[in-house]
Amino acid sequence: MTNPYAEWFEQLRAEYGDQLQAMPLPDGLPEHLHTLIESGDEEAIQFMIKLAWQFGAQVGYAAGARQKGGEATPTRPTRVQA
């Protein structure tokens, strides 16, 4: 059985990997991530991914709302879902 998310991720990596490879991360983040990986802190890594996903979703929502001429923010607060 294949994992649709893993396939989607690999497709994105193939399409945008070179561009993103050149994008610098904030100072200290690569080292911190390496420390988390070495210590096996999967919970912290998943938290980082969830934050990035949430921020990306909010930016996408705002961009879409601007293109449609609507509000750039939701009418009610959104909640990060675990």
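Refer to the structure above for everything that follows.
All values derive from a computational prediction rather than experimental measurement.

Caption draft 1: Geometry of the packing of helix α2 (residues 29-39) against helix α3 (residues 42-68). Where α2 meets α3, the closest approach of the two axes is 8 Å, and the angle between their N-to-C directions is 140°. The angle between α2 and α3 places the two elements in the oblique class. Like other packed secondary-structure pairs, α2 and α3 cross with a definite hand, here left-handed. Residues L29, L33, L36 and I37 of α2 lie in contact with α3, whose contacting residues are A44, I45 and M48. When the residues that make up the contact of α2 with α3 are grouped by side-chain class, the tally is 7 nonpolar, no polar and no charged.

Caption draft 2: Quick look at α3. Between its terminal C-alpha atoms α3 stretches 39 Å, which fits the 39 Å expected from 27 residues at 1.5 Å a residue. Here α3 has its buried residues at I45, Q54, A62 and A65. For α3, the elements touching its buried residues are α2.

Caption draft 3: Fine view of the packing of aromatic side chains. The final tally for this structure, using the stated rule, is 4 aromatic pairs. On the numbers, 6.5 Å between centres and 55° between planes, the contact of Y5 with W53 is tilted. Of this pair, Y5 sits in helix α1 (residues 4-21) while W53 sits in helix α3, and the two are 48 residues apart along the sequence. For Y5, a relative accessible area of 43% translates into the label partly exposed. Between the aromatic rings of W8 and W53, the centroid separation amounts to 5.9 Å while the plane-to-plane angle is 70°, which identifies the pairing as edge-to-face. Here W53 lies in helix α3 and W8 lies in helix α1, a separation of 45 residues in the sequence. We classify W8 as partly exposed; its relative accessible area is 39%. Judged by relative accessible area, which is 52%, W53 ranks as exposed. Taken together, the ring pairs in this structure connect Y5, W8, F9 and W53 into an aromatic cluster.

Cut-off values and rules
Residues numbered from 1 in each chain as written. Predicted model: local features only at pLDDT ≥ 70, side-chain atom pairs only at ≥ 80, totals over all residues. Heavy atoms only, no water. Axes fitted to C-alpha atoms, helices over the stretch in contact; angles between N-to-C directions. Helix = DSSP H or I, 4+ residues; strand = E, 2+ residues; numbered from the N terminus. Parallel < 35°, antiparallel > 145°, perpendicular 65-115°, else oblique. Left-handed = near helix turned anticlockwise from the far one by under 90°. Contact = heavy atoms within 4.5 Å. Nonpolar A, V, L, I, M, F, W, Y, C, P; charged D, E, K, R; others polar. Expected span 1.5 Å × (residues − 1). Buried < 20%, exposed > 50% of the residue type's maximum accessible area, 1.4 Å probe, protein only. Phe/Tyr/Trp six-rings, centres within 6.5 Å; stacked < 30°, edge-to-face > 60°.

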